[in-house]
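What follows is the residue order along each chain.
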2 protein chains.
Amino acid sequence: MGSNRLNAVALGNNPADLLLKNGRVVDVVTQTIYSGNIAIADGLIAGVGDYTEAKEIIDLQGAVVTPGFINAHLHVESSMAVPSVYCTEELAWGVTTLITDPHEIANVAGARGIRYMLEAGRSMPINYYVQLPSCVPATPFENAGTVMRAKDLVACMDWHGVLGLGEMMNLPGVLNEDVEVMQKLSVFRNEHRPIDGHAPGVTGRELAAYAAQGITTDHESVSWGEAREKLRSGIAVWARQGSASRNLEDILAGALAEGADFSRMGFCTDDKHLADIHREGTVRSMVLQAMGLGMKPLCAIAMATINPARVYGLNHLGEIAPGKQADLVVWDDLETLKPLKVFYKGRDALQSVAEKRRTVEVPGALLETVHLGDFAQQDLLLKIEDDRDYPVIEMLPGQIFTNALTIKGDKVKEFIAAGYMSYISVLERHHATGHIGKGLIWGYGLKRGAAATTVAHDSHNLIVVGQDALSMETAVRELENLGGGYALAEGDRVVESLALEVAGLMSIMDARNLTEKLEDISRTAHQMGVAEGVDPFISLSFMALPVIPKLKITDMGLFDVTKFEFVKF
Amino acid sequence: MGSNRLNAVALGNNPADLLLKNGRVVDVVTQTIYSGNIAIADGLIAGVGDYTEAKEIIDLQGAVVTPGFINAHLHVESSMAVPSVYCTEELAWGVTTLITDPHEIANVAGARGIRYMLEAGRSMPINYYVQLPSCVPATPFENAGTVMRAKDLVACMDWHGVLGLGEMMNLPGVLNEDVEVMQKLSVFRNEHRPIDGHAPGVTGRELAAYAAQGITTDHESVSWGEAREKLRSGIAVWARQGSASRNLEDILAGALAEGADFSRMGFCTDDKHLADIHREGTVRSMVLQAMGLGMKPLCAIAMATINPARVYGLNHLGEIAPGKQADLVVWDDLETLKPLKVFYKGRDALQSVAEKRRTVEVPGALLETVHLGDFAQQDLLLKIEDDRDYPVIEMLPGQIFTNALTIKGDKVKEFIAAGYMSYISVLERHHATGHIGKGLIWGYGLKRGAAATTVAHDSHNLIVVGQDALSMETAVRELENLGGGYALAEGDRVVESLALEVAGLMSIMDARNLTEKLEDISRTAHQMGVAEGVDPFISLSFMALPVIPKLKITDMGLFDVTKFEFVKF
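Being a predicted model, the structure only gives us computed values, none of them experimental. (Residues numbered from 1 in each chain as written. Chains lettered and ligands numbered in written order. Predicted model: local features only at pLDDT ≥ 70, side-chain atom pairs only at ≥ 80, totals over all residues. Heavy atoms only, no water.)

## Let's talk about the packing of helix α8 (residues 224-232) of chain A against helix α9 (residues 248-258) of chain A
Residues and elements named next belong to chain A. Spelled out, the test is: Each axis is a line fitted through C-alpha atoms, taken for helices only over the stretch in contact, and angles between the N-to-C directions span 0 to 180 degrees. A helix here means a DSSP run of H or I that spans at least four residues, while a strand means a run of E at least two residues long, and both kinds are numbered starting from the N terminus. Throughout, the term roughly parallel applies to angles under 35 degrees, roughly antiparallel to angles over 145, roughly perpendicular to angles from 65 to 115, and oblique to all others. Should any heavy atoms of two residues lie within 4.5 Å, those residues are considered in contact. Residues are grouped as follows: Ala, Val, Leu, Ile, Met, Phe, Trp, Tyr, Cys and Pro are nonpolar; Asp, Glu, Lys and Arg are charged; every other residue, Gly included, is polar.
Between α8 and α9, the least distance of the axes is 8 Å, while the angle of their chain directions is 70 degrees. Judged by the angle between their axes, α8 and α9 are roughly perpendicular. Across the interface between the two elements, Trp 224, Ala 227, Arg 228 and Arg 232 from α8 touch Asp 250, Ile 251, Gly 254, Ala 255 and Glu 258 from α9. Grouping the amino acids of the contact of α8 with α9 by side-chain chemistry returns four nonpolar, one polar and four charged.

## A closer look at the packing of aromatic side chains
For clarity, the threshold we go by: Two aromatic rings from Phe, Tyr or Trp, using only the six-membered ring of Trp, form a pair when their centres are within 6.5 Å; if the ring planes differ by under 30 degrees the pair is stacked, by over 60 it is edge-to-face, and anything between is tilted. Whether a charge sits over a ring comes down to the Lys NZ or Arg CZ being within 6 Å of the ring centre and within 35 degrees of the ring normal.
Counted according to the given criterion, the structure contains 24 aromatic pairs over all chains. Summarising the aromatic geometry, the rings of A:Tyr486 and A:Phe537 are spaced 4.0 Å apart at their centres and angled 5 degrees between planes, so their arrangement reads as stacked. With A:Tyr486 in strand β23 (residues 485-490) and A:Phe537 in the loop between α17 (511-527) and α18 (538-541), this pair connects stretches of sequence that are 51 residues apart. Ring-pair connections join several aromatic residues into one group, and the members of that group are A:Phe141, A:Phe559, A:Phe564 and A:Phe566. For A:Arg232, the ring lying beneath its charged end belongs to B:Tyr34, and the centroid distance is 4.0 Å.

## A few points about the sheet that holds strand β26 (residues 557-560) of chain B
What counts, and what does not: At least two bridges found by DSSP between two strands is the condition for calling them paired.
Reading across from one edge, β25-β26-β27 (chain B) is the order of the three strands in this open sheet, with antiparallel pairing throughout. Across the chains shown, the open sheet's two edge strands, defined by having one partner strand only, are β25 (551-554) and β27 (565-566) of chain B.

## Focus on the sheet that holds strand β24 (residues 493-499) of chain A
Residue and element names in this part refer to chain A. Pairing is mixed across the open sheet formed by eight strands, whose spatial order is β18-β17-β20-β19-β22-β21-β23-β24. A single partner strand is all that each edge strand has here, and the edge strands are β18 (402-408) and β24. Mean inter-strand twist for the sheet, computed between neighbouring axes without regard to direction, equals 25 degrees. Along the sheet, α17 makes contact with β23 and β24, crossing β24 at roughly 150 degrees.

## Considerations on the packing of helix α11 (residues 283-292) of chain A against helix α12 (residues 297-304) of chain A
Residues and elements named next belong to chain A. What counts, and what does not: Each crossing is labelled by how the near helix is turned from the far one, with a counterclockwise turn of less than a right angle marking it left-handed and a clockwise turn marking it right-handed.
For the pair α11 and α12, the least separation of the axes is 9 Å and the interaxial angle reads 150 degrees. By the angle class used here, α11 and α12 are roughly antiparallel. Pair α11 / α12 crosses with right-handed handedness. For the pair formed by α11 and α12, the contact residues are Val 283, Val 287, Ala 290 and Met 291 on the first element and Pro 297, Ala 300, Ile 301 and Ala 304 on the second. Taken together, the residues that form the contact of α11 with α12 break down as eight nonpolar, no polar and no charged.

## As for the relation of the copies chain A and chain B
Put simply, the test is: To superpose the copies, least squares is applied to the C-alpha atoms of every residue with a pLDDT of at least 70 in both.
Once turned by 180 degrees and shifted 0.0 Å along the axis, chain A lies on chain B with an RMSD of 0.0 Å. What we have between these two chains is a two-fold relation. No C-alpha of chain A approaches the rotation axis more nearly than that of A:Ser263, which lies at 3.6 Å. By residue overlap, the copies meet face to face through one surface: 100% of the interface positions of chain A are interface positions in chain B.

## Quick look at the confidence of the model for chain A
Stated formally: Within a predicted model, pLDDT stands for the predictor's per-residue confidence, ranging from 0 to 100.
In this model, chain A carries a mean pLDDT of 96, and residues with pLDDT of at least 70 account for 99%. Two summary scores accompany this predicted model of the complex, namely pTM at 0.95 and ipTM at 0.94.

## Some details on the pairing of strand β5 (residues 64-67) of chain B
Residues and elements named next belong to chain B. Summarising the sheet, strand β1 (residues 16-27) and β5 pair through two bridges and their orientation is parallel. Bridge assignment links Val 25 to a residue of β5, and that residue is Val 65. For β5 and strand β14 (residues 328-331), the ladder comprises four bridges, and the chain directions are antiparallel. Counted as the bridge partner of Val 64 is Trp 331 from β14.

## A few points about helix α11 (residues 283-292) of chain B
Residues and elements named next belong to chain B. We count it as follows: Relative accessibility decides the category of a residue: with a 1.4 Å probe and only protein chains considered, values under 20% of the type maximum give buried, values over 50% give exposed, and everything between is partly exposed.
The buried fraction of α11 amounts to seven of the 10 residues, a majority that puts the element mostly inside the structure. Of all the residues in α11, the buried ones are Val 283, Arg 284, Ser 285, Met 286, Val 287, Ala 290 and Met 291. Positive phi shows up at Gly 294, right after α11, with a value of about 110 degrees.

## A short note on the nonpolar core
It is characteristic of soluble globular proteins that their nonpolar side chains tend to be buried jointly. The line we're drawing: What is meant by a nonpolar core is a set of buried Ala, Val, Leu, Ile, Met, Phe, Trp, Tyr and Cys residues, joined one to another through side-chain atoms within 4.5 Å.
A:Leu252, A:Phe267, A:Val287, A:Tyr444, B:Leu252, B:Phe267 and B:Val287 are the most contacted members of the largest nonpolar core, which has 286 residues in total. The dominant element in this core, judged by the number of residues it contributes, is helix α3 (residues 103-122) of chain B, at nine residues. Not counting residues within four places of it along the chain, the set of residues in contact with B:Leu252 comprises B:Phe262, B:Met265, B:Phe267, B:Ala290, B:Leu293, B:Met295 and B:Met303.

## Remarks on helix α2 (residues 83-92) of chain A
Most of α2(A) is tucked away: eight of the 10 residues are buried. One or two steps after α2(A), the chain reaches A:Gly94, where phi turns positive at roughly 90 degrees.

## Observations concerning the interface of chain A and chain B
Interface size is commonly expressed as the accessible area that is lost once the parts come together. Using the following cut-off: Buried area: the accessible area, evaluated with a 1.4 Å probe, that two parts lose upon being put together, summed over both parts. Whenever a carboxyl oxygen of Asp or Glu lies within 4 Å of a side-chain nitrogen of Lys or Arg, that contact is scored as a salt bridge. Here a polar contact is taken to be a pair of N or O atoms separated by no more than 3.5 Å, where protein atoms must pair a possible hydrogen donor with a possible acceptor and residues adjacent in sequence count only if both atoms sit in side chains.
Opposite the 48 residues of chain A that make contact, chain B presents 48 residues. Here chain A meets chain B over a buried area of about 4,100 Å², counting both sides, of which 52% is carbon and sulfur. Taken as a group, A:Asn7, A:Arg205 and A:Arg232 account for 18% of the area that chain A buries against chain B, more than any other trio of residues on that side. One can count two salt bridges joining chain A with chain B. Two residues, B:Arg205 and A:Asp50, come together in a salt bridge whose shortest N-O distance is 3.1 Å. The interface formed by chain A and chain B includes 10 residue pairs in polar contact (both at pLDDT 80 or more). Sorting the residues of the side of chain A that touches chain B by element identifies α1 (4-10), β2 (32-41), β3 (44-49), α5 (171-175), α7 (204-211) and α8 of chain A as the ones contributing at least two each. In terms of residues, the side of chain A that touches chain B owes the most to one element, α7(A), which gives five residues.

## Describing unusual backbone geometry
Following A:His457, the chain continues into A:Asp458 via a peptide bond in cis, with omega recorded as -10 degrees. Checked against the element boundaries, A:Asp458 lands in the loop between β21 (450-453) and β22 (462-466). At the junction of B:Pro549 and B:Lys550, the peptide bond is cis and its omega measures out at 10 degrees in the coordinates. Tracing the backbone through its elements, the reader meets B:Lys550 in the loop between α18 (538-541) and β25. Backbone geometry at A:Gln61 places phi at a positive 50 degrees, although glycine is not the residue there. Phi is positive for B:Phe564, close to 55 degrees, though the residue is something other than glycine. Note that B:Phe564 resides in the loop between β26 and β27.

## Regarding the pattern of salt bridges
Residue and element names in this part refer to chain A. Counting across every chain of the model gives 56 salt bridges over all chains. With its nearest N and O atoms 3.1 Å apart, the salt bridge here joins Glu 220 to Arg 240. Note that Glu 220 is positioned in the loop between β11 (217-218) and α8 and Arg 240 in strand β12 (residues 236-240), a separation of 20 residues in sequence. With its nearest N and O atoms 2.8 Å apart, the salt bridge here joins Glu 480 to Arg 477. Remark: Arg 477 and Glu 480 occur in helix α16 (residues 469-482); sequence separation between them is three residues, near one turn of the helix.

## A word on the state of the cysteines
How we decide: Cysteine sulfur pairs qualify as disulfides if the two atoms are within 2.5 Å.
In total, this model carries zero disulfides over all chains according to the counting rule given. We note that A:Cys268 lacks a disulfide partner, and the nearest cysteine sulfur, in A:Cys87, lies 16 Å from it. Cysteine B:Cys156 shares no disulfide, and the gap to the nearest cysteine sulfur, in B:Cys135, comes to 15 Å.

## Some remarks on the side chain of B:Asp276
Along the polypeptide, B:Asp276 turns up in helix α10 (residues 274-280). Apart from residues lying up to four places away in sequence, B:Asp276 is in contact with B:Ser243 and B:Gly281.

## Examining the environment of B:Gln241
Residue and element names in this part refer to chain B. Within the element layout of this structure, Gln 241 appears in the loop between β12 (236-240) and α9 (248-258). Residue classification places Gln 241 among the buried positions, given a relative accessible area of 10%. Considering only alpha carbons, one finds Gln 241 and Ala 309, 68 residues apart in sequence, at a separation of 19 Å. The residues contacting Gln 241, other than those within four sequence positions of it, are Arg 246, Asn 247, Leu 248, Cys 268, Thr 269, Lys 272, Met 286 and Gln 289. From its side chain, Gln 241 meets the backbone nitrogen of Asn 247 in a polar contact 3.3 Å long. Reaching out from Gln 241, the side chain makes a polar contact with the side chain of Gln 289 at a distance of 3.3 Å.

What follows is the structure, encoded as structure tokens:
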């Protein structure tokens, strides 16, 4: 802002770099639409009006122009694509700003992982902002690749592109005023940085105490009642519509029925599969859905743009006005929201992406993150004695919470042989400590062989499920060789595998190859017996998440989430 | 935020300091209303819910509670009351936050004046925020008491209570990129501080260039069309309803008809007389007026609270939520908006004001700001020759712009003798330079004697109008003795006077005495002939403002505002 050139272009004394003429301009501030020519100089909007002179002129012929959309909360790693690939998919559907919490890679590789994600994202024609992961590791009941304390976050907080603190999941830590948690919160609060919340179902006095710590946003609401209480508590609400968690309709329908104001609400995906993004976009599909529920189109556009920009203090983004960054999307119309052009800092972002030579430079250390301790084949199996009782994780189709069963040893052997149950083990894979947590799982469905993954929320150790020790070892060794990923094995043969060589979480493949490969390996797993309604790898990755009930497994053993203690058996 | 105590009270483990129970709580975020008990601890809101324990409990019996109101732009000096008196009147009608630009006192006393206003305001139970005056002096065509350059503003910008830069009135300086103006803007812009605009009637390319400099707000719109263009340019709009400038209806009626969003709009008074504030309040009367125009009540309340809080980055204010400052107003109902209780930081503000011993400590230098050079009685009169033409300021009832007449010398003498015209002179009063600008005025109406004031926008020199030299000298000498104020004289007799001893702008009297005195002296002036529709002193004070057309007078002489040059005659 304030450059001589911008002033001259605004006054019409100098030609613009780019003129988008005859557009129907969406003003998200007044929520009105008007006709005008948008003059752009030095990546900024110089003015909207009767401008005529520019180096390049594009006639929009009455097409609708909005500010670039903002995906207010997500984890890029969950797409299993590296930032360049992920951002390309977002840009194609009109998202020019995303706020990502690199929580997954931080659990594997700490500050080095965050740094990589930030640099890779910021090399793209998109506003790539990071909220620093607040809970690494997520719990003390597992060994992650790293521990990030308040001082470690302080060391990252002034990096370009870092906004504030990522979702604070440690509710007990907040309510009980854990020293380390309080330090993290106060550092960011004192600098007036945004602090993302994570308060699923939290209400009443606990919500008050949580909000009073200066929590800025939350994206976990599943109903309008829950969202409304958070808004009333001073917390901005992002309506989430991911691949698994689909909360948008439940929140917005209630708000619309009550005639509520939407100015402190926005849209986010949290976790959305690359194939789903490729098919329908992220924020764009949420805007369409909101309009389908009866929201005024320009109110939905405001939720997609200026609302999250204001909440995160990004005052240079989110509206089409003089001096603001020229992030613009030209749409066919507001009914179908098909993007015709996407501009980032006044340049055609899709063209920039296409012309850019694909250089995914990943630091070597991030390509070597699978470090297993020594183990023998039989170490992968829980030893079963006939006349003892064993706790068993019961997987439920389409859910990430589980049930807990108890089954006698002789029956366990029988059920495994019959393909009703499997062995499950979690191998610590960051520091070669050799920790292995062992257990049993019901409902996964594998009839033969083994399946393994290094994507295992939130510590991302190595999970292997199988019917026999040899298959399990084969799958584990394959992941060790690949530097992480997905593997299917039968006996000593690798049936199929997918390298997720970046931190064991992400592939460097492009979107098309990656989504095809993901579909392939999933199909193969189902052919090996994995049950309908169970995603062979994604469902599996939540079996090691010891914050979601009821029975889970980490590298430290079987964990009863209800009692918050390890199971002794 | 984040204190141990607050957490304990929020969780219900500790009694609150104050509990407001059975209130109908206005949530300005969702714009919904709900029932709850508000628990307050350490001046902050701990939570709203089913709290029961507190040191003090007040049963609101269903009364409506809103956040304290915010007057988004004003000049305390224009009330002619010192900050303690002014704030008391605002508090009585539910304003707990005001944003004032001490532009007037800065023209007299620079940083020392700003400091006094800030300290005096901040000693009151109110959030007293200052926007630093950007244009001191307002023009190069007069001699003010001081010159504030960018470096002088930088020296003040980190004082507690200073927010950003006050209204930038120098539009040509912005458009032509005047070095000093650019420095002032960039210093505040680079620190992401709010910058108030002042762009009456500015439109199109000039508005784009002005907005592109990072202007945050504007309060000069007189129609919805003008306001809408500013909002679309990224500038928040304060609808103004002062004693003289009444723009609220013209702006809001248009916005309501268009179904526009109001989230970037608020209310301000700019300049409102103390008597008017005493009678009806400021923001409260604007909220009532907006509701009368058909605005939803809670939307109007949002304009009065959270909207300006967000624009100015005052995230701890403007809503009733955990961790926010406990500034609350209890109203009888939303139809009449009569305040029953006003809380600032959880304490009864009206009681605090009543109990406070009135200690108006004004620095000595601010009590001695009238410094006149030597002059003889005849120096106050323009010398008239019979057969020359003279330019004459024509005062217009109810307006601050003027017309320009040309009258021959013999007629001038005749008209003054008949009481149609008066002599007018402006004496430099800050540095005793002895500068006197001399001219003639038509339409003031004085039949005999003289009237003088040290309130003279924006440089606040001494204006004297009269029919003869002796009366004029008497009035001038009275103001010299009083240290500034208003004076009426006839011959060698002071008819009536009012000391505005603080910088020649403000009285230390309380509101009741001051408003009575102001009415008295005005009545006397009218008895001496001042025309109907002319405010004897306020109208006069604008005759020295060389930015409003057409013909004005400063200590440097008669000024043609249309040609932007002094008149030679």
